[in-house]
Amino acid sequence: MNKEQAHLVQGVWPVMLTPFTESGEVDYTSLERLVEWYEENGVQGLFATCQSSEVFCLSLEERMKITQTVVKRARIPVIASGHVSYGIEDQKEELRRMADTGVNAVILITNRMAQQDESSQLWRDRLEQLVGALPPEVPLGFYECPYPYKRLLTEEELSFCAQTGRFRFLKDTCCDLETLHRRLQMLKDTPLKLYNANSASLLESLRSGGAGFSGVMANFHPRLYVWLCENWEKEPEKAAELQGFLTMCSYIESRLYPVNFKRYLVEQGVLASDYSRAQDRGGLTPLIQDEVRQLELISKRLEELYVR
């Protein structure tokens with residue numbers, strides 16, 4: 001499968017980090033190494049310039065250059081978001097420029113089209129404005145980003161978007177089995193595919209027709225998520241067992257992410273620094289660092305059991 005088919009590929013799409021230098025500048029050398037690390041771990045695609053990338057802390061020029069660097073370096077498909085403004089005209093400019101980077105799909109953040117107290121109709125009106133400003137050949141998707149607030153798509157919104165044929169990728173953050181089941185039934189036989197961001201419900205979403213995983217934990221042990229997405233039908237008992245381990249391991253998401261994962265990659269020689277603009281790395285206590293090392297040991301053992 002080539003990069004032009006990005007919006008169709010199923011599997012694991014990590015939400016990429018942005019490496020920084022100790023002085024807080026974007027570290028493009030480490031970013032290129034990070035792309036290679038993801039690819040070496042077998043993921044099917046990359047989601048650049050998202051919340052894990054600290055997108056709300058990046059300038060527009062940084063967002064563009066980061067995405068261009070990933071697109072140029074990657075041998076696998078790349079999608080990206082990158083619109084963080086409140087004004088619709090500003091968002092149009094951000095999204096048009098993102099489309100010009102050569103990504104295989106542009107991902108819209110669902111909470112950008114309406115504030116928390118604004119109506120679904122207003123959300124849809126603004127969505128249509130944004131979509132109308134983008135080249136019709138550019139595939140689109142949605143990201144239910146939790147920051148600054150989580151706006152889940154309603155069933156009516158999801159149905160409308162799926163039927164347009166324009167949207168291909170949904171990074172789902174509902175974290176609810178009943179909602180997942182309803183959504184997947186609605187998306188059946190449409191171009192819009194669901195990629196679960198929640199570790200605990202991943203296997204169930206795959207069983208119900210989900211296309212893959214696009215969550216934080218694909219950064220910690222991507223090979224295990226790749227194995228689960230590729231083998232859950234062939235080896236259902238092992239898949240259920242691995243799902244249990246992945247659920248328990250996902251606890252570490254709450255332990256100063258993304259700084260904790262950056263520290264892990266520094267120790268792996270991938271990044272030069274664990275600096276973060278979004279989190280104060282002073283909170284990376286010795287206990288959290290030890291938890292990351294313990295997770296690394298568990299991950300290696302699970303890889304021996306499931307991957308090799």
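You'll find the structure just up there.
In this numbering scheme, every chain counts its residues from 1 along its sequence in written order. It should be noted that, the model being predicted, local features are given only for residues of pLDDT at least 70 and side-chain atom pairs only at 80 or more, the latter also being counted only at that level, while totals for whole chains, interfaces and linings use all residues. As a convention, hydrogens and water are excluded, and side-chain values are obtained from all of the structure's heavy atoms.

A. A look at helix α8 (residues 222-231). Working definition: with a 1.4 Å probe on protein chains only, accessible area under 20% of the residue-type maximum means buried, over 50% means exposed, and in between means partly exposed. Under the DSSP-based scheme used, a helix requires at least four consecutive residues in state H or I and a strand at least two consecutive residues in state E, with every element numbered from the N terminus. Most of α8 sits out of view: eight of its 10 residues are buried. For α8, the set of buried residues is P222, L224, Y225, V226, W227, L228, C229 and N231. Lining the buried residues of α8 we find β1 (11-12), α1 (28-40), α7 (202-207), β8 (212-213), α9 (236-249) and α11 (286-306). Throughout, a residue-residue contact means that at least one pair of heavy atoms, one from each residue, lies within 4.5 Å.

B. Molecular detail of the packing of α8 against α11. Running from N to C, α8 and α11 point in directions that differ by 30°, and their axes come no closer than 9 Å. In terms of axis orientation, α8 runs roughly parallel to α11. You can see that α8 and α11 cross each other, and the crossing is left-handed. Across from R223, L224 and W227 in α8, the residues of α11 making contact are S299, L302, E303 and Y306. Gly is put with the polar residues, along with every residue not named as nonpolar or charged; the nonpolar set is Ala, Val, Leu, Ile, Met, Phe, Trp, Tyr, Cys and Pro, and the charged set is Asp, Glu, Lys and Arg. Across the contact of α8 with α11, the residue classes tally to four nonpolar, one polar and two charged. What counts as an axis is a line fitted to C-alpha atoms, over the stretch in contact for a helix, and the angles between N-to-C directions run from 0 to 180 degrees. Should an angle fall under 35 degrees it is taken as roughly parallel, and over 145 as roughly antiparallel, whereas 65 to 115 is taken as roughly perpendicular and any remaining angle as oblique. Here a crossing is taken to be left-handed if its near helix is turned anticlockwise relative to the far helix by less than a right angle, and right-handed if that turn runs clockwise.

C. Representation of the side chain of N196 within the structure. If you trace the backbone, N196 turns up in strand β7 (residues 193-196). Residue N196 is classed as buried on the basis of its relative accessible area of 1%. Two N or O atoms count as a polar contact when they lie within 3.5 Å, although within protein this holds only if one can serve as hydrogen donor and the other as acceptor, and sequence-adjacent residues are included solely when both atoms are side-chain atoms. Within the local environment of N196, its side chain forms a polar contact with the side chain of S205, the two groups lying 3.3 Å apart. Here N196 is in contact with D172, L180, S201, L202, S205, G212, F213, S214 and G215, once residues within four sequence places are set aside.

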